[in-house]
Amino acid sequence: MQVAKSYVIPVWFFLITWAVFITDLFLPLDFALYGIYPRTVHGLAGILFAPLIHGNILHLISNTMPMFFLGIILYIFYGRIANKVFFQGYFYTNILVWFFGRPSFHIGASGLIYCLASFLAFYGIFKKDFKSIAISVAIIFLYGGLIYGVLPTQPGVSWESHLMGGIVGFILASGLSRS
């Protein structure tokens, strides 16, 4: 059943992210050091790990809740292409942050959140079918304020992750809407 399958990746991402956070609380390590540090060999590990690492409980909650919601929407309505969007969004966003981010540790799932929100917002515009347009309108209504997150307005917030995620989501929506 498609609906049951739609929960698998978002639930696993949610659980793994929370497990990493809880583990980080109890181990004498600073997991943030495994984030993306642009243009360094050590920072390459962050391409894989950064979205799973969060600085505090507020950061964790503000990333995992929209990630869960957007992930479920993606998998319910676009199951055929959902894995491609999720995993390409995950890796391409982080690769771009590694290339273009400022020299600082970038952690958190917000780049992936921006990718999914951007994909869901633009896919309907490119696809031009009723279901996709309705989803686009709903996402723009619910998450339209994310556009301000691509501006460097808050110190300590990786606006680069937001911007790169938004760009990757746009590109994925454009390319996959033609298939």
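Structure first, text after, so check above.
As a starting point, this report considers the structure included with it. (Residues numbered from 1 in each chain as written. Predicted model: local features only at pLDDT ≥ 70, side-chain atom pairs only at ≥ 80, totals over all residues. Heavy atoms only, no water.)

## Comments concerning the pattern of salt bridges
Rules: Criterion for a salt bridge: a side-chain nitrogen of Lys or Arg within 4 Å of a carboxyl oxygen of Asp or Glu. The secondary structure listing takes helices from DSSP runs of H or I that are at least 4 residues long and strands from runs of E that are at least 2 residues long, numbered from the N terminus. For the exposure calls, accessible area comes from a 1.4 Å probe over protein chains only, and a residue counts as buried if that area is under 20% of its type's maximum, exposed if over 50%, partly exposed in between.
Inspection of the entire model under this criterion finds 1 salt bridge. Residue Glu160 pairs with Arg102 through a salt bridge whose shortest N-O separation is 3.0 Å. Residue Glu160 is located in helix α8 (residues 159-176), and its partner Arg102 is located in the loop between α5 (79-100) and α6 (110-127); the two are separated by 58 residues in the primary sequence. Residue Glu160 is classed as buried on the basis of its relative accessible area of 3%.

## Details of empty space enclosed by the protein
Let me state the cut-off plainly: With a 1 Å grid spanning the protein atoms alone, the term cavity applies to any set of points in which a 1.4 Å probe fits but cannot get out, the term pocket to an open set with protein on both sides within 12 Å along at least five of seven lines, and the term lining residue to any residue with an atom within 4 Å of a point. Grid points are joined across faces, edges and corners, and a volume is the space filled by probe spheres set on the points. Polar here means any residue outside two lists: the nonpolar Ala, Val, Leu, Ile, Met, Phe, Trp, Tyr, Cys and Pro, and the charged Asp, Glu, Lys and Arg; Gly therefore counts as polar.
Across all of its chains, the model carries 1 cavity of 30 Å³ or more by this definition. Looking at the largest cavity, its volume works out to about 40 Å³. Across the lining of the largest cavity, the residue classes break down as 5 nonpolar, 5 polar and no charged.

## A word on the side chain of Ser177
Basically, it comes down to this: For this analysis, a polar contact is any N or O atom pair within 3.5 Å, provided that within protein one partner can donate a hydrogen and the other can accept it, and provided that sequence-adjacent residues contribute only side-chain to side-chain pairs. Should any heavy atoms of two residues lie within 4.5 Å, those residues are considered in contact.
Note that Ser177 resides in the segment after α8. Reaching out from Ser177, the side chain makes a polar contact with the backbone oxygen of Ser174 at a distance of 2.9 Å. Sequence-distant contacts of Ser177, defined by excluding residues within four places in its chain, comprise Tyr123, Phe126, Lys127 and Leu172.

## A few points about the layout of surface pockets
The calculated volume of the largest pocket comes to roughly 520 Å³. In terms of lining residues, the largest pocket is bounded by 26 residues, among which His59, Ser110, Val157, Ser158 and His162 are the most central. Listing elements by their share of the lining of the largest pocket, those giving two or more residues are α4 (57-77), α6 and α8. By residue number, the principal contributor to the lining of the largest pocket is α4, which donates 5 residues. Tallied by class, residues from the lining of the largest pocket come to 12 nonpolar, 13 polar and 1 charged. Roughly 340 Å³ of volume is contained in the second largest pocket. Ser118, Ala121, Phe122, Leu146 and Ile147 are the residues nearest the centre of the second largest pocket, which is lined by 18 residues in total. Counting only elements with at least two residues in the lining of the second largest pocket, the list comes to α6, α7 (130-143) and α8. Here the element with the most residues in the lining of the second largest pocket is α6; it accounts for 6 residues.

## Section: the packing of aromatic side chains
For clarity, the threshold we go by: We call Phe, Tyr and Trp rings a pair once their centres come within 6.5 Å, taking the six-membered ring for Trp, and we label the pair stacked below 30 degrees between planes, edge-to-face above 60, and tilted otherwise.
Summed over the entire model, instances satisfying the criterion amount to 17 aromatic pairs. Here Phe99 and Phe100 contribute two aromatic rings whose centre-to-centre distance is 6.3 Å and whose plane-to-plane angle is 45 degrees, an arrangement assigned as tilted. Judged by its relative accessible area of 45%, Phe99 is partly exposed. Chaining the aromatic ring pairs together yields one cluster made of Phe13, Tyr75, Phe86, Phe87, Tyr90 and Phe91.

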